[in-house]
Amino acid sequence: MINGLLNRKGGWIAGIAIAIAVFVALNAGLSSVTGIRLDLTQDRLFTLSDGTEKILQRIEEPVTLELYISQRLVKEVALYGIYATRVRDMAHEFAAVSNGKLTVIESDPVPFSETEDTAVSAGVQGVPIDSSGERVYFGLVARAGEKAEAMPFFQPAREAFLEYDLARMIEGLTQQRKPVIGIVTDLPMFGGFDPRSQEKRWMLIDGIEESFEVRNIFDIEADLNDEVDVLFMAHSTRLKDKELYIIDQFLMRGGRALLMVDPYSEVAALNTLSGRPISRHSTLNRLMEKWGVSVDEKMVVSDITLARMVNAGTADNIKPAPYLLWPSFKGPSINASDAVTRDITSVNMGTPGSITVAEGAAVQVETLLETTEKSHLFDSELINPREPNILDFIEKFQADGKKLVTAVRISGEVDSAFPDGAPKPEPKPEAAKPDADKPDEAAPAEAETPAAAPAETEPAEPKVPHIARSQKPLNVVLIADADMLETHFWATEQEFFGQRVVQPFANNGDLIINALENLAGSGDLITLRSRGTAQRPFTRVEALRIAADEQYRSREQALATRLQETQKKFDEAQQKASAESQAGAAAPVLTAEQKAALEAELDTLRTDLVTIRKELRDVQLKLREDIEALDTKLRFANITLVPVLVGVFAIILGIARVRRRRAAHA
């Protein structure tokens, strides 16, 4: 039928008209169909995670995403042009899933325009694009009612976390209150224990209070409740079974936690020496044994590759040396694919512990920080708390050839560490008989909290049902060091006109705040991980380039080595000739025959130098020519060959049709 139509006079025109009509009809018919998308990208770049979709569907108050993208940046810098398309597409994908609750507005902040003023006042950052000082913008402002949050400038290096960053921003806007962080610690993080003390609270607390409501929990039994969004435990020592049980049940109900334990706390050791005793050791292994995770309670981590350089001598005799127990994690030692550590470049620790995951553990464990293979475990008893014995550890060090883990993310469903329910109340002091076994051990335990004894006689509240298995997946970040929180491990602090000025030299504070932000988000936000990027290098082209490069690189290196040796001989010969000319007739250095031989050698070396340099230039030129030829072939294949093949196919098809038509007429 179609062939018959096309073979008639004017059939091609009718066919084209019908095709256009069908195209218009399909577009008109499908224009009202929404929500149908097909993501064919390798990493499913445009398919939102389930967690993101749940966050968007919970939006109650309308949210507006204001995209500020300078078109000059897009046109002149290809990298940002590609990333701008990625950001734009992701924002519109958010809007498509939000059931109309999220709107995207894109603007071009032209210099000296009202749009530029609006962008700058909202927190979008402009960067100069050339020497003229003209600024370009590539940022976003999210608004929900009177609340607003800005992303000053999109960096392509963080493209893998684009979905996470946008989802976190939207969830933060839609929250009705600041997340509550409950801090349980024996360290002087909030200042000196004595109200009359001049000891300042740690700078980390100031940073946390900018984004969270902070509660210093002294009584776990009374204050750890469902109002706390994230439990932050930092070197909590001498915890009783009753307190561990309350923490366990908090986690079983779906609570999140940042847990920091320490096999040897240097901060605690210093406070003990100054007359304020704090236990140097903290552990939560009793709580984590059901998870299959533990921290060695007596051994500390050392690493000769990551060790920080310190002064191992005296004021009169400075001896720089690596302190093996003070690792500084950088580069490959930091997990770059997790939201907690993605932008972290340096983390300093002091005498950290090692985290061990048992085979068949009930949880999923993702490493955040780990040492190199040049690491070793030392017994904490070897540490001299009064005078650091830095050189002793260098002498005793022997690399074990395996990496040690100091920070992890733990997730999954687990059983309670207390399968039989709440532990039995501890016996009251008066219940202990004089002839009871080990009377000296029971009395000190009760002496720590004498006021708690009357409360155990008659419970004031009904018994809370025991939770034997987690109601929601566990979400915990575990770090085997607490000294890293102290300011001098990661920043310098100075007084400037009555204000505290902090200059960080490590990302310890950023790591803790990242972990709290991630844990304080909804469970949907925590499930988000890094995604792929829209950057797609031509891997085949790169492989061909490398092959062409290797073909000539060895020859180039051989010629360069030969050139260097010849140049050295030439310089030595010139020095001899120079010495001969300076000595004069009074003290001849060379005989006539030697002088003639030297001149001949110089001529030969000059010729060799010229020849080798020419050969080297030819090799380098050949390398460039091969790469350019490869580029030309690819351009020809993409730009010329495909259209030519299509044209040839069309000609062959046309000839075949003409012959068929002639045969039909015959």
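Bear in mind that the values here come from a model prediction, so they are computed numbers and not experimental data. (Residues numbered from 1 in each chain as written. Predicted model: local features only at pLDDT ≥ 70, side-chain atom pairs only at ≥ 80, totals over all residues. Heavy atoms only, no water.)

1. With respect to the layout of surface pockets
Alright, step 1. In this model, the second largest pocket occupies a volume close to 530 Å³.
Alright, step 2. If you trace the second largest pocket, you find 23 residues lining it, with Arg-158, Asp-165, Arg-168, Asp-343 and Asn-514 closest to the centre.
Alright, step 3. Counting only elements with at least two residues in the lining of the second largest pocket, the list comes to strand 5 (147-151), helix 7 (162-174) and helix 15 (508-520).
Alright, step 4. Class assignment for the residues of the lining of the second largest pocket results in 12 nonpolar, 4 polar and 7 charged. (1 Å grid on protein atoms, 1.4 Å probe; cavity = no way out; pocket = protein on both sides within 12 Å on 5 of 7 lines; lining within 4 Å. Points joined across faces, edges and corners; volume = space filled by probe spheres on them. Helix = DSSP H or I, 4+ residues; strand = E, 2+ residues; numbered from the N terminus. Nonpolar A, V, L, I, M, F, W, Y, C, P; charged D, E, K, R; others polar.)

2. Brief notes about the sheet that holds strand 14 (residues 346-348)
Alright, step 1. Taking strand neighbours across the sheet as the criterion, the 3 strands line up as 12-13-14 in an open arrangement whose pairing is antiparallel. Single-partner strands in this sheet number two, and they are strand 12 (307-311) and strand 14. Here the average twist between neighbouring strands, direction ignored, is 45°.
Alright, step 2. Of the strand pairs in this sheet, strand 13 (residues 320-330) and strand 14 are connected by 3 bridges, and their pairing is antiparallel. For Lys-330, the partnering residue across the bridge sits in strand 14 and is Ser-346. (Pairing = 2+ DSSP bridges. Axes fitted to C-alpha atoms, helices over the stretch in contact; angles between N-to-C directions.)

3. Here's the deal with the packing of helix 3 (residues 50-57) against helix 7
Alright, step 1. Contact pair helix 3 / helix 7: the axes reach a minimum separation of 10 Å and the direction vectors enclose 25°. With respect to helix 7, the element helix 3 is oriented roughly parallel. Crossing hand, helix 3 versus helix 7: left-handed. Contacts between helix 3 and helix 7 pair Thr-52, Ile-55 and Leu-56 from the former with Glu-163, Ala-167, Ile-170 and Glu-171 from the latter.
Alright, step 2. Residues of the contact of helix 3 with helix 7, tallied by class, amount to 4 nonpolar, 1 polar and 2 charged. (Parallel < 35°, antiparallel > 145°, perpendicular 65-115°, else oblique. Left-handed = near helix turned anticlockwise from the far one by under 90°. Contact = heavy atoms within 4.5 Å.)

4. Quick notes on the pairing of strand 5
Alright, step 1. Pairing analysis gives 5 bridges linking strand 4 (residues 135-144) to strand 5, with the strands arranged antiparallel. Bridge pairing in strand 5 places Leu-140 opposite Met-151.
Alright, step 2. Counting the residues in the hairpin turn of strand 4 and strand 5 gives 2 residues, including Gly-145, whose phi is positive at 65°.

5. Notes on the packing of helix 5 (residues 78-97) against helix 7
Alright, step 1. Running from N to C, helix 5 and helix 7 cross one another at 45°; their axes reach a closest spacing of 11 Å. Here helix 5 is positioned oblique relative to helix 7, judged by the angle of their axes. The crossing of helix 5 and helix 7 is right-handed. Counting all contacts with helix 5, which are made through Tyr-83, Arg-86, Val-87, Met-90 and Phe-94, the residues of helix 7 involved are Leu-162, Glu-163, Leu-166, Ala-167 and Ile-170.
Alright, step 2. Looking at the contact of helix 5 with helix 7 residue by residue, the classes come out as 8 nonpolar, no polar and 2 charged.

6. As for the side chain of Ser-333
Alright, step 1. Looking at the secondary structure, you find Ser-333 in the loop between strand 13 and strand 14.
Alright, step 2. Of the residues examined, Ser-333 reaches a relative accessible area of 6% and is grouped as buried.
Alright, step 3. The contact partners of Ser-333, leaving out residues within four places of it in the chain, are Leu-306, Leu-368, Leu-369, Glu-370, Thr-371 and Thr-372. (Buried < 20%, exposed > 50% of the residue type's maximum accessible area, 1.4 Å probe, protein only.)

7. Focus: the nonpolar core
Generally speaking, a soluble globular protein has its nonpolar side chains buried in company with each other.
Alright, step 1. Counting residues in hydrophobic clusters, the biggest one holds 42 residues, and the most contacted among them are Phe-232, Leu-258, Ile-479, Leu-485, Ile-512 and Leu-516.
Alright, step 2. Residue assignment for this core shows that the elements contributing at least two residues are strand 6 (180-185), helix 8 (203-209), strand 8 (230-234), strand 9 (256-260), strand 16 (364-370), strand 19 (474-479) and helix 15.
Alright, step 3. Residue contacts for Leu-485: discarding those within four places in its chain leaves Met-189, Trp-202, Leu-204, Phe-232, Ala-234, Met-260, Trp-490 and Ile-512.
Alright, step 4. Ranked by size, the runner-up nonpolar core spans 38 residues in total, among them Leu-224, Val-261, Leu-287 and Val-295. (Core = buried A, V, L, I, M, F, W, Y, C linked by side-chain atoms within 4.5 Å.)

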